[in-house]
Amino acid sequence: MTRLFICSPPMTNVSTSLIHHPYTPPADFAAPQPGVFKASTVIFPNVAAMRHREWKDKSGYTYGLHGTPTTFILEERLCALEGGGQCLLAPSGLAAIATVALSLLKTGDEVLLPDNAYGPNKSLCDAELHNWGITTRLYDAMDPDDLAAKITDRTRLVWLEAAGSVTLEFPDLPALQRICRARGVTSALDNTWGAGLAFNAFDLRPGSGEILGVDISVHALTKYPSGGGDVLMGSIVTRDPGLHLRLKLGHMRLGLGVSGNDTETVLRSLPSIALRYRAHDATARALAKWATGRAEFVQVLHPALADSPGHAHWKALCAPPEGSAQEGGAAGLFSVIIDERYTQAQVDAFCDALALFKIGYSWGGPMSLVVPYELAQMRPRWPAHLKRGTLVRFSVGLESAADLQADLAQALMRLAG
Ligand SMILES: *Cc1c(COP(=O)(O)O)cnc(C)c1O
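Residues numbered from 1 in each chain as written. Predicted model: local features only at pLDDT ≥ 70, side-chain atom pairs only at ≥ 80, totals over all residues. Heavy atoms only, no water.

Note the following rule: UniProt positions are given in the numbering used here, feature names are shortened, and annotations may be inferred rather than shown by experiment.
Under the annotation held in an unreviewed UniProt entry, the protein chain carries the name Cystathionine beta-lyase and is attributed to Rhodoferax koreensis. A UniProt comment under Catalytic activity (unreviewed entry) is attached to the protein chain, and it reads "L,L-cystathionine + H2O = L-homocysteine + pyruvate + NH4(+)". Annotation of the protein chain in UniProt includes, under Sequence similarities (unreviewed entry), the sentence "Belongs to the trans-sulfuration enzymes family."

The structure is reproduced here in structure tokens:
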């Protein structure tokens, strides 16, 4: 059956008219959340516009992979969060890490990683980068002199992390960055822990007159920006347009894109990130403090605890003076080292006995999580600042602190039994 419409272009078939429908809604719609655009194909008004498409900045659209209004909005908001100038989105935090490495390194180059780096970054370096003739060396995150000594004329990239993964040592980040700057090596901070809130990665000494910021900030949006435990995404924020362009070219050639639906969930969560971060922080600090009083734990690792490794560096960077514009704080993570008199089986039974802390990776969502780690495998030379025992990491969700503390206490009875 054929239907006739009085509109242009001429359409005679319902299938055609449902695809090329003439109606467009009024343009001035406004609501608290931006609209969600989804596209692989982006339509150009004419061939000349296609030929002159602009992909280097946000002045136009080319193809869904290279940005939509929805991804552009998230990129700009992440720049506001982190104090950067340009942003790229990747399908996970690890994809963002890999994009930095693959865009900036070539055969013969060397990358330096802190000894407490995020594990999958170490694996990427040990496997793929190694196979492509890129060497990796670890430096002692707590010893800037060690970083200075390990930089050679082949070093093209230094990764920074504050606090370190799992063991949560807080490094002297300004000192490490000053060394990278002096030696002319690009620095990339895994900024997932700080989330753009605990400190400003692009201004590590606010108000001092010294402009000292990292070159690249990578953020696993999977954690606090999402806040739901239900989406994977990563970002790469820079302040240097030239560096951004190198990363953007690598990002483009690797074909990394994010979905409009995933972007929407992060955009929806982002306005509450500072409130959530503060809530996670307060509960984690209360539990970490309580944990210091338990005899089962020989060490509690949380940078805000006075005897945790790097506490003074955390305080200098993340504890802003009264009335300062800086948020400050700490992520909702802490680790304990359980006395070595308990067997691995007892520690596993303790983790299994937890009811509110679920067993699973990641953090930043509403649900508290626990993971026992094999520290001897992660750090072949046991760090002098860590006591011997079995490490268990807690990521604190948004449950009540009292309920979580009661859960830890009841599960600890299992450890004794
Ligand atoms: C989770 C995490 C990542 C990776 O993020 P994914 O989105 O899970 O790939 C990177 N760095 C740190 C410190 C993380 O905690």
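Having seen it, we continue.
## Some thoughts on the sheet that holds strand S7 (residues 234-238)
Using the following cut-off: One bridge is not enough; two strands pair if DSSP finds at least two bridges between them. Going along the chain from the N terminus, every DSSP run of H or I of four or more residues is numbered as a helix, and every run of E of two or more is numbered as a strand. Only C-alpha atoms enter the line fits that serve as axes; for helices the fit covers just the stretch in contact. Angles between N-to-C directions range over 0 to 180 degrees. By definition in these notes, contact holds between two residues if any of their heavy atoms fall within 4.5 Å.
With mixed pairing, the 7 strands of this open sheet are ordered in space as S1-S7-S6-S5-S4-S2-S3. For this open sheet the edge positions go to strand S1 (86-90) and strand S3 (135-139), each flanked by a neighbour on one side alone. Neighbour-to-neighbour, the strand axes of the sheet open up by a mean angle of 20°, direction not taken into account. Where strand S4 (residues 155-161) lies against strand S5 (residues 186-190), 5 bridges are found, and the strand directions are parallel. Paired with Glu 161 across the two strands is Asp 190, which belongs to S5. Strand contacts of helix H3 (residues 69-82): S1, strand S6 (216-220) and S7, with the helix running at about 120° to S1, the strand carrying the most contacts. Its contacts with the sheet put helix H7 (residues 173-183) on S3, S4 and S5, and the angle it makes with S4 is roughly 170°.

## Considerations on the site of the ligand
Here is the rule: Near is defined per residue: the residue qualifies when any heavy atom it owns lies within 4 Å of the molecule or strand. Definition of a polar contact: a pair of N or O atoms within 3.5 Å, with one able to donate and the other able to accept a hydrogen when the atoms are protein atoms, and with sequence-neighbouring residues admitted only if both atoms are side-chain atoms. Here, Shrake-Rupley sampling with a 1.4 Å probe gives the accessible areas, and only protein chains in the shown set may cover a residue. Each residue receives one of three labels: charged for Asp, Glu, Lys and Arg, nonpolar for Ala, Val, Leu, Ile, Met, Phe, Trp, Tyr, Cys and Pro, and polar for the others, Gly being one of them.
As a structural note, the neighbourhood of the ligand is formed by 13 residues, with Gly 93, Leu 94, Asp 190, Thr 222 and Lys 223 the closest of them. Take Gly 93: an N or O atom from its main chain is 2.7 Å from an oxygen atom of the ligand. Coverage of the ligand by the protein amounts to 89% of the 380 Å² it exposes when considered alone. The element contributing the most residues to the shell around the ligand is helix H4 (residues 93-104), with 3 residues. Its residues assigned to classes, the shell around the ligand shows 6 nonpolar, 4 polar and 3 charged.

## Notes on the environment of Ala 95
Take Ala 95: it is sitting in helix H4. The spatial distance from the C-alpha of Ala 95 to the C-alpha of Leu 256 is 8.2 Å, given a sequence separation of 161 residues. Setting aside anything within four residues of it in sequence, one finds Ala 95 in contact with Ala 90 and Leu 256.

## Side note on a nonpolar patch on the surface
Note the threshold: Here a patch means residues that are over 30% exposed by relative accessible area and free of salt bridges, tied together within 9 Å if like-charged and within 5 Å if nonpolar (Val, Leu, Ile, Met, Phe, Trp, Tyr). Should a side-chain nitrogen of Lys or Arg be within 4 Å of a carboxyl oxygen of Asp or Glu, the pair is scored as a salt bridge.
On the surface, Leu 102, Trp 132 and Leu 254 cluster together into a nonpolar patch covering about 280 Å² of accessible area. Inspection of the secondary structure assignment puts Leu 254 in helix H8 (residues 241-254).

## As for the UniProt feature "modified residue: N6-(pyridoxal phosphate)lysine" (unreviewed entry) in the protein chain
Here the UniProt-annotated "modified residue: N6-(pyridoxal phosphate)lysine" (unreviewed entry) positions come out as Lys 223. With respect to the helices, strands and loops of the structure, Lys 223 is situated in the loop between S6 and S7. If sequence neighbours within four positions are ignored, Lys 223 has contacts with Thr 192, Ser 362, Trp 363 and Gly 364.

## Quick notes on the nonpolar core
As a reminder, the rule being used: What makes a nonpolar core is a set of buried Ala, Val, Leu, Ile, Met, Phe, Trp, Tyr and Cys residues whose side-chain atoms join them at distances within 4.5 Å. For the exposure calls, accessible area comes from a 1.4 Å probe over protein chains only, and a residue counts as buried if that area is under 20% of its type's maximum, exposed if over 50%, partly exposed in between. Domain segmentation is taken from an automatic or database assignment of domains.
One finds Leu 74, Leu 147, Phe 170, Trp 193 and Phe 199 to be the most contacted residues of the largest nonpolar core, which totals 49 residues. Looking at this core, the elements with two or more residues in it are H3, S1, S4, H7, helix H9 (260-269), helix H10 (273-291) and helix H11 (311-318). Counting contributing residues, this core receives three or more from each of domain 1 (64-271) and domain 2 (273-416). Once residues lying within four places of it in the same chain are set aside, the contact partners of Phe 170 are Met 142, Ala 162, Ala 163, Trp 193, Phe 199, Pro 303, Pro 309, Gly 310, His 313, Trp 314, Leu 317 and Cys 318. The next biggest cluster of nonpolar side chains, apart from the first, holds 27 residues, and it includes Phe 297, Ile 338, Phe 350 and Ala 353.

## Structural notes on the state of the cysteines
Throughout this description, disulfide means a covalent bond between two cysteine sulfur atoms. Here is the rule: Here, two cysteine sulfur atoms that lie within 2.5 Å of each other are counted as a disulfide.
Applying the stated criterion across every chain yields a total of 0 disulfides. Summary of cysteine pairing: Cys 79 is not part of a disulfide, and the nearest cysteine sulfur, belonging to Cys 87, is at 5.1 Å.

## Details of the environment of Ala 295
Mapped onto the elements, Ala 295 comes out in the loop between H10 and strand S8 (297-301). C-alpha of Ala 295 to C-alpha of Ile 338: the two residues are 43 residues apart in sequence and 8.9 Å apart in space.

## Quick word on the packing of aromatic side chains
Here is the rule we go by: Between 30 and 60 degrees the pair is tilted, below 30 it is stacked and above 60 it is edge-to-face, where a pair is any two Phe, Tyr or Trp rings, Trp via its six-membered ring, whose centres lie within 6.5 Å.
Tallied over the entire structure, the rule returns 8 aromatic pairs. Measuring from ring centre to ring centre gives 5.0 Å for Tyr 224 and Tyr 277, while their planes differ by 75°; the resulting arrangement is edge-to-face. One end of the pair, Tyr 224, is in the loop between S6 and S7; the other, Tyr 277, is in helix H10, and 53 residues separate them in sequence. Since its relative accessible area comes to 0%, Tyr 224 is described here as buried. The class of Tyr 277 is buried, set by a relative accessible area of 3%. Ring centres of Tyr 224 and Trp 363 lie 5.6 Å apart, and the angle between their planes is 65°; this geometry places the pair in the edge-to-face category. One end of the pair, Tyr 224, is in the loop between S6 and S7; the other, Trp 363, is in the loop between strand S10 (358-359) and strand S11 (369-373), and 139 residues separate them in sequence. Taking the relative accessible area as the measure of exposure, Trp 363 reaches 12% and is therefore buried.

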